[in-house]
Structures are given as structure tokens and as C-alpha cells.
Amino acid sequence: MLDSVLEKNRAYLQNTDSAVFNALVGEEKRQRYGIELIASENFAFPEVLALLGSAFTNKYSEGYPGRRYYGGQEFTDIIEELARERAKKIFRAEHANVQPLSGSSMNQAIYHAYLEPGDSVLGMELSHGGHLTHGAPVSHMGKIYNFLRYKTIIDKGGVIDWDQVEDLAVKNKPKILLCGHSSYPKDLDYKKFKFIADKVGALTMADVSHIGGWIATNHLNNPLDAGFDFMTTTTHKSMRGPRGGLILSRKEHAKKIDSSIFPGLQGGPHMNQVAATAVTMKKVLTREFNDYALMVLKNAKILAEELMTEGFELVTGGTENHLIVIDTVKSIGLDGKKSEELLDEFGITTNKQVVPDDPNPPLRPSGIRLGTPALTTRGMEEKDFKIIAKWITVILKERENLNSLSGLKSDIKTFSEKFILPGI
Ligand code: DSN
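First, a word on scope: everything that follows refers to the structure included in this document. (Residues numbered from 1 in each chain as written. Predicted model: local features only at pLDDT ≥ 70, side-chain atom pairs only at ≥ 80, totals over all residues. Heavy atoms only, no water.)

## What about the sheet that holds strand E9 (residues 176-180)?
For sheets, the rule is that strands pair by backbone hydrogen bonds, running either parallel or antiparallel. Operational definition: By definition, two strands form a pair when at least two bridges between them are found by DSSP. Helix and strand assignments follow DSSP, with helices taken as H or I runs no shorter than four residues and strands as E runs no shorter than two, numbered in order from the N terminus. Axis lines are fitted through C-alpha atoms, for helices just across the contact stretch, and the angle between N-to-C directions can take any value from 0 to 180 degrees.
The strand order across the open sheet built from seven strands is E4-E12-E11-E10-E9-E5-E6, with neighbouring strands paired in mixed fashion. If you trace the sheet from one side to the other, it starts and ends with strand E4 (95-97) and strand E6 (146-150), each paired once. Strand-to-strand twist across the sheet, computed as the mean angle between neighbouring axes with direction ignored, equals 20°. Summarising the sheet, strand E11 (residues 230-234) and strand E12 (residues 245-249) pair through five bridges and their orientation is antiparallel. Bridge pairing in E12 links phenylalanine 230 to serine 249.

In C-alpha cells form, the structure reads like this:
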């Protein structure tokens, strides 16, 4: 019956708007035949796709379970409670807010709840791995609050510069000490952050958007175990859930966080997303997901090793998580934009990426970022990533002689279509 509903809905779409329908089919084919290496992307669980297009899309539910501003909440309350309780259990959190519409709103909600305009936050420098929503000057948050930056030590394998973190914290007394990253291939020592934060009376916040799934399965450190005040994570990257965010915190912050999300920052939560988060949390608790998380990390390690064997220089000299940053300028004299475009031509999708203290601008940076979550979801293993490393090498190194690679594009397509593509 579900199949027929889906088919019927697709037929409506095709009749109504062939341009959009054809773009959808095109995107499905791109995903099926391509090699998806964008570190923040994944293939959502089929259950998640089912819920995103479900009747929950139609419902307004401002407020929280048991205290909403609209009637008809008997089923929305069930799913939101399930999502909250499961998230708390997975991450050993005392409180969970499952309503953030995105990674950006989950982080903003914390800033707005605890900071006054002009207050300081100490976070990671963007080019060293930090994130746009950690107060990049071009963001609204960067204009409202005073974001200070710590870096990594490049010639010590990219370890955090703890002396700098401490110096900046002691001198500036930030209200929040923020850690977390979108292009830093290492695990973090949250106890050290907590120690420095306690010294200056700062709140502690970890944005683990990229690595939530590996923390959920205890393969990487959990900031809440180190006594952090807040942990934020998106649900669509490592956990294969809907696009959205979670705020996990200590109980004492529950009221402030909840009212910062609603009514502070957002209106009606997207209940189709909340329902999909509930089922995502159930899936994350399974043994299969634990095996998947482990495989992602193994695949990243082998991909990093193979690329280094081929002579590529990786930021931090390897990876401890799912992501890899290649300094393409240092490795092969090619900037990240051109590297991304070349790989794209062959159906290998990556993204251009700044490297620590990058002398080049963000639209033509010195590297590319790769990640293994999406292809691992498709069932790829270490042997497959060895093949992919060879393809990346040959495409980037033989760029003056692309005619010699005729046939590679179709080899990649044939290889890729052999693997499952869940939900599509
Ligand atoms: N765009 C996501 C990433 O690639 O890290 C998060 O902003």
C-alpha cells in the first residue's frame, strides 16, 4: 500500500511539473551512479524518507509535548517524546531538544540564550576546522557577538594549541568555550576544554555535527561525559536522519534552551522532521548502526593511508574520524576548486576546502575534503576505498592527459551502481 501511495504521489508530481520531476529523477541517478565523498552527506534511512513525506508534514505543533498552542497533538506528542527520550539515552544527556530546524538554528539558540550582544565566545578558527556558525565574520552571529579564535599547531600534526586556548580564555574571559568542527580530522580531548573553561567560569559547548553518530556508538569521546553544558549535533550527517539539529544539555539548562528554540528563534517545529528524528534515534541504538559506524572509521583510515601512500599531503597527517582534508596545492600544485571540478567530471563528488592558515580564498582554497559515511551506507568496504583512492590519484595526477582516462567515467558508474542505494 505504501508503495502505491509513493507511486501515486510521484505520478501527481510528474503530471504537475515535469521540470521538477525530471530534476528529481536526475538527482536520483546522480546519487546512484556517483561516488559520494562529501563528508557531511549521507543517504537517509528509508524510514526517514517515509516520514519526511508523511502526514506529519501537515501539522502545526508550537510548544512542547503536553503544552502546545494548537489542538490535535495526540500523535505529535508521542513522536516528540520518543525522539527526546531516545536522544537522551544515546548521548547520556539529561535534556534533549529535538526541534532545531538546522545546525545553524541549534547553535544560534544557545548563543541567544546565554549571551548579550558583544559578549565573547572562544571557538576554533575556521581554516583550522571550525564552522561558519561558530561566529564567522560574515554570519549574523559573528556581527552580534565577539568570537575569538584558537588554532591547531600545524607542524605538530594539527593538535589543538592548548596554550593558546588557555591564554585567550584567561585574557578574554569568554562566556562560552566552544569546540567542534567541520573539517578537523581528529577526536577532541573535552576534559582539557572543560578544565580551561572552569578556570575562567565559561560555559562549555561542543558542536559535534559531523561526528554525532560516532559519539552515539562510543567510538569517539562524548563531551557530555566530560561535564560539558551543551552538545549540539545535526541529525542528517553521520546518523542518516532528517535534516535538522539536536541540542543535548544538562538539566539545569532545559528551560532556557527550550524557550530559546521556541518561541525565541523558531515558530512551529517541523513534525515530519521530529518524527524522522525519533526513528533515527531508534536505528542508531541498533547493533547494525554500531557496525556501520565502525566501518565508516575503518574506511576513512584506509582511504587516508592509501592517499598518503600515493604522495598526497593530508591535514593533520591522517584521520581519527570519518573525514580527510587533502592539501592539493602542496601535494600536486592544484587548488581545491580545480581538484573538485576535475573529480566531479568523473562522478566523484568532493568539496573544495580551506586548509589551516590557507593563503588562498575560500572559493579557490588549497584543498579538498572527503568523507566516508555516505559510501559506507551503500555497503562499501576497505577494498572499495582502495580502488577509489587509486581513481582519485589517477584523475588528479593525469589531469594534463585526460584522454588517457577514457573509459574511467563509465567504469566508475558501473562500479557505483552495484551498491545499494537505500530508500531511493
Ligand atoms: N555544510 C556542512 C558541512 O559540510 O560541514 C555543515 O555546514
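## Section: the pattern of salt bridges
Put simply, the rule is: A pair is scored as a salt bridge if a Lys or Arg side-chain nitrogen falls within 4 Å of a carboxyl oxygen belonging to Asp or Glu. Working definition: with a 1.4 Å probe on protein chains only, accessible area under 20% of the residue-type maximum means buried, over 50% means exposed, and in between means partly exposed.
For the coordinates displayed, the defined rule picks out 24 salt bridges. Put simply, lysine 283 and glutamate 47 hold a salt bridge, and the shortest N to O gap is 2.9 Å. Taken together, the residues span a long stretch of sequence, with lysine 283 in helix H11 (residues 271-284) and glutamate 47 in helix H3 (residues 46-52) at a distance of 236 residues. On the basis of relative accessible area, lysine 283 is assigned to the partly exposed category, the value being 26%.

## As for the sheet that holds strand E15 (residues 351-353)
Read from one edge to the other, the open sheet built from three strands follows the order E13-E16-E15, with strand pairing classed as antiparallel. Bordering the open sheet on either side are strand E13 (323-327) and E15, each of which pairs with just one other strand. For this sheet, the mean inter-axis angle between neighbouring strands, taken without regard to orientation, is 35°. Note that E15 and strand E16 (residues 367-371) share three bridges and pair antiparallel. Residue pairing for E16: glutamine 353 is matched across the bridge by glycine 367.

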